[in-house]
Amino acid sequence: MSATNLKLELPQLTPEAEHLRQEVRAFLAEERTSGRLPPAEKIGLGFDRDMTRRIAARGWIGLTWPKQYGGKERSALERYVMNEELLAAAVPVGAHWVADRQSGPVLLKFGTEEQKQFFLPKIAAGDLTFCIGMSEPESGSDLASLKTRAEKVPGGWRVNGRKIWTTNAHRAHYIIVLARTSTVEGSRHAGISQIIIDVTTPGVTISPVWSMAGEHDFNEVLFEDVFVPDDGLVGQEGNGWNQVSAELAYERSGPERWLSSFRLIAELIDVLGPDTRTATLEELGRLTSHLLSLRQLSLSVASMIQQGKSPNVEASIVKDLGTKFEQETVRVVRNIISSEDLVSDGKAERLQKLLYHALTYAPAFTIRGGTNEILRGIIAKGIGLR
Ligand SMILES: Cc1cc2nc3c(=O)[nH]c(=O)nc-3n(C[C@H](O)[C@H](O)[C@H](O)COP(=O)(O)OP(=O)(O)OC[C@H]3O[C@@H](n4cnc5c(N)ncnc54)[C@H](O)[C@@H]3O)c2cc1C
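1. Some points on the pattern of salt bridges
- In total, this model carries 28 salt bridges according to the counting rule given.
- A salt bridge links Arg25 to Glu85, with the shortest nitrogen-to-oxygen separation between them at 2.9 Å. Linking Arg25 in helix H1 (residues 15-33) with Glu85 in helix H3 (residues 76-88), this pair joins segments that are 60 residues apart in sequence.
- Owing to a relative accessible area of 42%, Arg25 belongs among the partly exposed residues under this scheme.
- We classify Glu85 as buried; its relative accessible area is 9%.
- Asp217 is paired through a salt bridge with Arg171; the nearest N and O atoms lie 3.4 Å apart. Pair noted here: Asp217 is in strand E7 (residues 216-229) and Arg171 is in the loop between strand E3 (156-164) and strand E4 (174-180), with a separation of 46 residues, a long-range link.
- We classify Asp217 as partly exposed; its relative accessible area is 23%.
- With a relative accessible area of 26%, Arg171 lands in the partly exposed category.
- One salt-bridge network, in which partners are shared between bridges, spans Glu18, Arg21, Arg25, Glu84, Glu85 and Arg295.

Now the structure itself:
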């Protein structure tokens, strides 16, 4: 690929997608009226199993999957629109997010028929939470250097190793672990496999890692002689690297990569008084136009995924620009708050709380799902600069 080959076309959202947007908005209005969706006081994906089940009851988990596995066979762009609405409204979707975005699609693409039949309908019903076991204490960006091993034993695999930063492992039912299953001379990427492990299996120990915001979302997960039956292997033995690469394109380009701090903008606009300074309005205008262009970019990638392409470079561009924007939003909103008279009716206090949380949370935006330095390496390689 060269820079001139990077072609992003803005898709037209179909009437079905726009209709779904209205359905989601009506659902959110109902949730708010009933008190089940209080205003957010935190940045990031909240975790609420009941909310996940209510979303599942609408048929919105596994929306694009085949009906035979509990899906609705809707388009990737419809799924995009639905998620955009849920994220912009700060709906706590953490209980199904990973399974819906990544684990389910990986099983759909690489899993056996038995795996698909077993896992996908349960994910679509909102009953299963998955987590991602890739990073290790010494292997984050350089994932291929991972040390977790799965050794072949009669009837299955014996897994030993340590994963870290595993979001929601303590709340999940399953973890998809990336482990070395064989050594291939001359290739670090070959010989790595993906294995599904029930987190309650003997030998799995989950310990909390507390975040800077004082929260328990991350974990360290230790595997000591964990036996996993043969049917836990996902896809082909040794092909895990290729499978994970496909997975990362789903992970890097969605609305969650530019909407994380959107509530700050929305809530700020709500509390600005009649004498708002021109400089503030200009800053907000700049943020909003940036937001809209990121949305176009991200939608274009969603459209490529819809067409069956693997837009890894394009997805990396969205994540690099989107996460920088998310961090910039926090800075801009903090500056504006300190220089404006805000309408004081409880909303301003909530915005302060949200901002405080965002300040401690924002550094993660450019690290999770692959750091921006790594993404820029992928982009440089993709356009032939490296
Ligand atoms: C909020 C959050 C949630 C996460 N959830 C999960 C999860 O659920 N499951 C999971 O497996 N992991 C998860 N992670 C881990 C995440 O994927 C890693 O933190 C990330 O890949 C970076 O790895 P590292 O922390 O080991 O940093 P390192 O790889 O040690 O990098 C340290 C610094 O060096 C830079 N660097 C490293 N190599 C290069 C290079 N070749 N060129 C230029 N710069 C380089 C990096 O950009 C970074 O700035 C999560 C992280 C965060 C912040």
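The rest of the description comes next.
2. A look at empty space enclosed by the protein
- According to the stated counting rule, one finds two cavities of 30 Å³ or more in the structure shown.
- Volume-wise, the largest cavity comes out at about 50 Å³.
- Forming the walls of the largest cavity are Gly94, Ala95, His96, Trp97, Val98, Ala99, Thr129, Phe130, Thr167 and Asn168.
- No other element matches the three residues that helix H4 (residues 97-110) contributes to the lining of the largest cavity.
- By residue class, the composition of the lining of the largest cavity is five nonpolar, five polar and no charged.
- There is about 30 Å³ of room inside the second largest cavity.
- Taken together, Ser103, Cys131, Ile132, Ile176, Gln194 and Glu247 make up the lining of the second largest cavity.
- Its residues placed into classes, the lining of the second largest cavity shows three nonpolar, two polar and one charged.

3. A closer look at the domain arrangement of the chain
- Segmenting the chain into domains produces domain 1 (3-128), domain 2 (132-238) and domain 3 (253-382).
- Here domain 1 and domain 3 have C-alpha centroids that lie 21 Å from each other.
- Counting residues at the interface gives 25 residues for domain 1, matched by 31 residues for domain 3.
- In total, domain 1 and domain 3 occlude about 2500 Å² of area from one another, counting both sides; carbon and sulfur atoms represent 67% of this.
- At the boundary of domain 1 and domain 3, one finds three salt bridges.

4. Some details on helix H5 (residues 113-124)
- Across its twelve residues, H5 extends 16 Å between first and last C-alpha, which sits within 8% of the 16 Å expected from 1.5 Å per residue.
- Within H5 the residues assigned to the buried category are Gln115, Lys116, Phe119, Leu120, Ile123 and Ala124. End-on view of H5: buried residues confined to an arc of 125°, all on one side of the axis. Exposed side chains of H5 directed beyond 90 degrees from the buried face belong to Glu114 and Gln117.

5. Describing helix H7 (residues 262-271)
- Of all the residues in H7, the buried ones are Leu264, Ile265, Glu267, Leu268 and Val271.
- Against the buried residues of H7 lie helix H8 (278-306), helix H9 (312-339) and helix H10 (347-361).

6. Structural notes on the environment of Leu87
- Mapping Leu87 onto the fold places it in helix H3.
- Between the C-alpha atoms of Leu87 and Tyr361, which are 274 residues apart in sequence, the distance is 16 Å.
- Ignoring sequence-local partners within four residues, the contact set of Leu87 consists of Leu45, Val93, Trp97, Pro255, Glu256 and Leu259.

Parameters at a glance
Within any chain, residue numbers begin from 1 and follow the written order of that chain's sequence. Predicted model: local features are reported for residues with pLDDT of at least 70 only, side-chain atom pairs are reported and counted for 80 or more only, and whole-chain, interface and lining totals are derived from all residues. Side-chain metrics in this entry use all non-hydrogen atoms of the structure; hydrogen atoms and water are not considered. Every case where a carboxyl oxygen of Asp or Glu lies within 4 Å of a side-chain nitrogen of Lys or Arg is listed as a salt bridge. Only DSSP runs of H or I with at least four residues qualify as helices, and only runs of E with at least two residues qualify as strands; both kinds are numbered from the N terminus onward. Relative accessibility under 20% of the residue-type maximum defines a buried residue, over 50% an exposed one, and the middle range a partly exposed one, all with a 1.4 Å probe and only protein chains included. Definitions used for this entry: grid spacing 1 Å over protein atoms alone; cavity, a set of points where a 1.4 Å probe fits but cannot get out; pocket, an open set with protein on both sides within 12 Å along at least 5 of 7 lines; lining residue, one with an atom within 4 Å of a point. Grid points are joined across faces, edges and corners, and a volume is the space filled by probe spheres set on the points. All residues other than Ala, Val, Leu, Ile, Met, Phe, Trp, Tyr, Cys, Pro, Asp, Glu, Lys and Arg, Gly among them, are scored as polar; the first ten of these are nonpolar and the last four charged. Residue ranges for the domains trace back to a domain assignment, done automatically or taken from a database. The contact criterion used is simple: two residues touch if any of their non-hydrogen atoms lie within 4.5 Å. The term buried area denotes the loss of accessible surface (1.4 Å probe radius) that occurs when two parts are joined, taken as the sum for both partners. Take the number of residues in a helix, subtract one, and multiply by 1.5 Å to get its expected span. Directions are taken from the helix axis to each C-beta atom, and the arc is the one they span.

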